[in-house]
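# Chains, contacts and geometry: an overview
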Protein chains: 2
Amino acid sequence: MKQKFKIIAFDADDTLWVNEPFYRETEEKFFNLLQDFGNKETLNNELFKTEMQNLTLYGYGAKGLTLSMTETALRVSNNQVKPATIQSIIDLGKALIQKPLVLLDGVEEVLKTLYQKEALLIVVTKGDLLDQERKLTNSGLKQYFHHVEILSNKKEENYLQLLKKLNVQPEDFLMIGNSRKSDIIPVVNIGAYAIFVPYHTSWQHEEADKVESPNCLEATSLTEVLNILNTR
Amino acid sequence: MKQKFKIIAFDADDTLWVNEPFYRETEEKFFNLLQDFGNKETLNNELFKTEMQNLTLYGYGAKGLTLSMTETALRVSNNQVKPATIQSIIDLGKALIQKPLVLLDGVEEVLKTLYQKEALLIVVTKGDLLDQERKLTNSGLKQYFHHVEILSNKKEENYLQLLKKLNVQPEDFLMIGNSRKSDIIPVVNIGAYAIFVPYHTSWQHEEADKVESPNCLEATSLTEVLNILNTR
C-alpha cells in the first residue's frame, strides 16, 4: 500500500473510542423496561424496524435512537406503556450521551506517531456534531487533529464532497475505520485509500463483506496501522 | 465597509429560508395538545425551561425540540398525559423536519450575483447537519455554495475554529445572518465582518442588542447586501 498521504482521516466511534457497547447496553435497558410487551428478540426487531424507518428523517446518533425507542415503546405496547416509562427512555438517551469517554488500545500512540509525520490528521464521522465534539474534548486527543468533519452519511457522494471541500485528491486521502460499509468500501470506490480496523461489536446496519482492492488493507489492531504505513 | 472578501458565509434558517415560523407553528400545536395541563403562557415557559436545560446535551434542531416537548408534556401533566399524545408530539417533530422549503425574498438574486464575483460562498449554520443538507437540496441553491459548515454553536471559539479550518484570515471573512447573537456579535469580536439582515420572527434564545462596530452593518433586506457590497 501507498505510504504517504496528505490527509489521514479517522472514524471516531469504535475506532478511537468505545461507542457501540454503550448503545447495546442502552438497548438492553430499554428491552428490560418493556419486558411486559415482548421478549428481547421481538423488541430488538421492532426497534431496528423503527430506526430504519426513521433513518432518513433522524440520521445517526443518540437523539434519533431515543425518539425511535419512544416510538417503539408506544407501538409495541399499543399505547399502554406508562408515561413514567417514557421518561425512563428519555433518561436512558441522556445517560447514553453522557457516557464516559473510553479510549481504545493504542490510539494515543498511533496518533502521536502519525502527528509527527507530514500528513494532516482529521476526524471523519457521521452522527451528531455536538456529541462528537464533546467526545473529542473529553478524549484528550484534540491536539492531534486539525479538525472534525461530520458527514450526514458515509456514502461515495459524501466522501467526494468531503475531498472537494478539503481540496485533496483521492490518492492523497487515507481513511481508517471499523466499518467496512461506511469507512472502507465507499472510500476505495472513489479511488482513495482505506485501512479497516475491526472492532468486536458492530451495529447490524453497518455490516458488509470484505473488499478486495490494492487500495485497501485490513489491520488486526490500530497499532498495526503504524507498521502498514512504515512509521514505527 | 470593506467590499472584497475571500469567503462570504450565509446563515441558513431565516436568512435563506423560512424556519422560525414553522417552529412557532409546531409549538402552538404542542400547546393545544396539552391544553388540559396549562395555558399557553405556562406551557411556553415550561417548554423553554426544558429546552435550556437540555441545550448542552441536545444542541439545536428539531430532534432536540421533539425530545424537550415530550419531557415537558410528562412533567406538566405529572405523568398523566396519554401515550397517544406522546405519539402526536413525535409526529409534530417529524412534520417539522419535513416542512416545505420556502425561500426568503431576494435570496436567489443575491446568491446569483455574488456567485459571479470572486468570493467563495458557503453556508454556516448550527442545527442538524442532515436537516440543513436536506433543506439546501430542496432549496435549489446548492449550486451557489461551495459547501455547508455546521457548527455546534456560534460563539467566538466556533468561528475561530472555522476560520482555521477554512484557512482564511478574519479580515477576509464576511458573515450574513438574522441573529445578532449568533451571526454578528461573535464574528465582529474576532475581527471578521458581518451584515445583519433581520427577520420578523426570532427565538427568544437568539435575541441580542445592536452592536456598534466598523466591521458590522445592518441591512433592511437581503437584497440590500448587494448595495452594501457595491455589486449591483
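Computed from a predicted structure; not experimentally measured. (Residues numbered from 1 in each chain as written. Chains lettered and ligands numbered in written order. Predicted model: local features only at pLDDT ≥ 70, side-chain atom pairs only at ≥ 80, totals over all residues. Heavy atoms only, no water.)

Residues and elements named next belong to chain B. Read from one edge to the other, the open sheet built from 6 strands follows the order β3-β2-β1-β4-β5-β6, with strand pairing classed as parallel. Either end of the sheet is taken by a strand with one partner, and the two such strands are β3 (147-150) and β6 (216-218). Strand after strand, the sheet turns through a mean of 20 degrees between neighbouring axes, direction not considered. Bridging between strand β1 (residues 7-10) and strand β2 (residues 120-125) involves 4 bridges; their strand directions are parallel. By the bridge assignment for β2, Phe10 is matched with Val123. (Pairing = 2+ DSSP bridges. Helix = DSSP H or I, 4+ residues; strand = E, 2+ residues; numbered from the N terminus. Axes fitted to C-alpha atoms, helices over the stretch in contact; angles between N-to-C directions.)

So, about empty space enclosed by the protein. For the structure shown, the criterion picks out 2 cavities of 30 Å³ or more. Looking at the largest cavity, its volume works out to about 220 Å³. Along the walls of the largest cavity sit 22 residues, with A:Asp128, A:Leu129, B:Gly127, B:Asp128 and B:Leu129 positioned nearest its centre. Put simply, the parts of the chain that give the lining of the largest cavity at least two residues each are α6 (129-139) of chain A together with α6 (129-139) of chain B. Considered class by class, the residues forming the lining of the largest cavity number 11 nonpolar, 6 polar and 5 charged. Size it by volume and the second largest cavity reaches roughly 100 Å³. Classifying every residue of the lining of the second largest cavity gives 5 nonpolar, 2 polar and 3 charged. (1 Å grid on protein atoms, 1.4 Å probe; cavity = no way out; pocket = protein on both sides within 12 Å on 5 of 7 lines; lining within 4 Å. Points joined across faces, edges and corners; volume = space filled by probe spheres on them. Nonpolar A, V, L, I, M, F, W, Y, C, P; charged D, E, K, R; others polar.)

In low-pLDDT segments, the atomic positions of the prediction should not be examined closely. Residue and element names in this part refer to chain A. Residues of chain A with pLDDT of at least 70 account for 100%, and the chain-wide mean is 93. Within chain A, no element has a lower average pLDDT than strand β3 (residues 147-150), which sits at 89, and none a higher one than helix α4 (residues 83-97), at 98. Per the prediction output, this complex has pTM 0.89; the corresponding ipTM is 0.88. (pLDDT = per-residue confidence, 0-100.)

Before going further, it helps to spend a moment on the relation of the copies chain B and chain A. Of the two same-sequence chains, chain B is brought onto chain A (RMSD 0.0 Å, axial shift 0.0 Å) by a rotation of 180 degrees. Here the copies are linked by what is in effect a two-fold axis. With an isologous cut-off of 70% or more, the 100% of interface residues of chain B that recur at the interface of chain A puts this contact in the isologous class. (Least-squares fit on C-alpha atoms with pLDDT ≥ 70 in both. Contact = heavy atoms within 4.5 Å.)

Moving on, we get to the sheet that holds strand β5 (residues 193-196) of chain A. Residue and element names in this part refer to chain A. Ordered by their spatial adjacency, 6 strands build an open sheet running β3-β2-β1-β4-β5-β6, and the pairing between neighbours is parallel. Of all strands in the sheet, those with a lone pairing partner are β3 and β6 (216-218), marking the two edges. Taking each pair of neighbouring strands and ignoring which way they run, the sheet shows an average axis angle of 20 degrees. Bridge count between strand β2 (residues 120-125) and β3: 4 bridges; the pairing is parallel. Within β3, the residue paired with Thr125 across the bridge is Ile150. Seen against the sheet, helix α7 (residues 156-166) touches β1 (7-10), β2, β3 and β4 (173-177) and runs at an angle of roughly 130 degrees to β4. Sitting on the sheet, helix α8 (residues 180-189) touches β4, β5 and β6, and the angle it makes with β5 is about 150 degrees.

Note on aromatic pairs: each is described by the distance of the centres and the angle between the planes. All names here are of chain A. A complete count under the given rule lists 8 aromatic pairs over all chains for this structure. Taking the centre distance of 6.0 Å and the plane angle of 55 degrees together, the rings of Phe30 and Phe31 count as tilted. Given the relative accessible area of 0%, Phe30 is considered buried. On the accessibility criterion, Phe31 (5% relative accessible area) is buried. Between the NZ or CZ atom of Lys126 and the centre of the ring of Tyr60, over which it lies, the distance is 4.1 Å. (Phe/Tyr/Trp six-rings, centres within 6.5 Å; stacked < 30°, edge-to-face > 60°. Buried < 20%, exposed > 50% of the residue type's maximum accessible area, 1.4 Å probe, protein only. Lys NZ or Arg CZ within 6 Å of the ring centre and 35° of its normal.)

Each partner contributes to the interface: chain B provides 39 residues, whereas chain A provides 39 residues. Here chain B and chain A share an interface that buries about 3,400 Å² over both sides, 62% of which is from carbon and sulfur atoms. Three residues, B:Leu57, B:Lys63 and B:Lys165, lead the burial of chain B against chain A; their summed loss comes to 18% of the area buried on that side. At the junction of chain B and chain A, the tally comes to 4 salt bridges. The salt bridge partner of B:Lys165 is A:Glu149, with a shortest N-O separation of 3.7 Å. Where chain B meets chain A, there are 14 residue pairs in polar contact (both at pLDDT 80 or more). Secondary-structure elements contributing two or more residues to the side of chain B that touches chain A are α2 (40-58), α3 (62-76), α4 (83-97), α6, β3 and α7 (156-166) of chain B. Its residues assigned to classes, the side of chain B that touches chain A comprises 17 nonpolar, 13 polar and 9 charged. (Buried area = accessible area lost by both parts, 1.4 Å probe. Salt bridge = Lys/Arg side-chain N within 4 Å of Asp/Glu carboxyl O. Polar contact = N/O pair within 3.5 Å; in protein donor to acceptor, adjacent residues only side chain to side chain.)

In this structure the tally under the stated criterion is 34 salt bridges over all chains. The partner of A:Lys6 in a salt bridge is A:Asp172, with the nearest N and O atoms 3.6 Å apart. Pair noted here: A:Lys6 is in the segment before β1 and A:Asp172 is in the loop between α7 and β4, with a separation of 166 residues, a long-range link. With a relative accessible area of 54%, A:Lys6 lands in the exposed category. Relative accessible area serves as the criterion here: at 14%, A:Asp172 is assigned to the buried category. Taken together, the shared-partner salt bridges connect A:Glu149, A:Lys165, B:Glu149 and B:Lys165 into one network.

What follows is about the nonpolar core. Counting 113 residues, the largest nonpolar core has A:Ile8, A:Phe10, A:Phe145, B:Ile8 and B:Phe10 as its most contacted members. Here this core takes 7 residues from α3(B), the largest share from any one element. Beyond its immediate chain neighbours, meaning those up to four positions away, A:Phe145 contacts A:Phe10, A:Leu16, A:Leu111, A:Leu121, A:Ile122, A:Val123 and A:Leu136. (Core = buried A, V, L, I, M, F, W, Y, C linked by side-chain atoms within 4.5 Å.)

This part takes up helix α1 (residues 20-33) of chain A. Residue and element names in this part refer to chain A. Here α1 spans 20 Å end to end across 14 residues, near enough to the 20 Å set by a 1.5 Å rise per residue. Those residues of α1 that fall on the buried side of the exposure criterion are Glu20, Phe22, Tyr23, Thr26, Glu27, Phe30 and Phe31. The inward-facing, buried residues of α1 abut α2 (40-58), α3 (62-76) and α4. (Expected span 1.5 Å × (residues − 1).)

Contact geometry of α3(A) with α4(B) gives a least axis separation of 10 Å together with a crossing angle of 140 degrees. Considered as vectors, α3(A) and α4(B) are oriented oblique to each other. Read as a crossing pair, α3(A) and α4(B) show a hand that is left-handed. Side by side, α3(A) and α4(B) meet where A:Leu67, A:Thr70, A:Glu71 and A:Leu74 of the first sit next to B:Pro83, B:Ile86, B:Gln87, B:Ile90 and B:Lys94 of the second. For the contact of α3(A) with α4(B), the residue count by class is 5 nonpolar, 2 polar and 2 charged. (Parallel < 35°, antiparallel > 145°, perpendicular 65-115°, else oblique. Left-handed = near helix turned anticlockwise from the far one by under 90°.)

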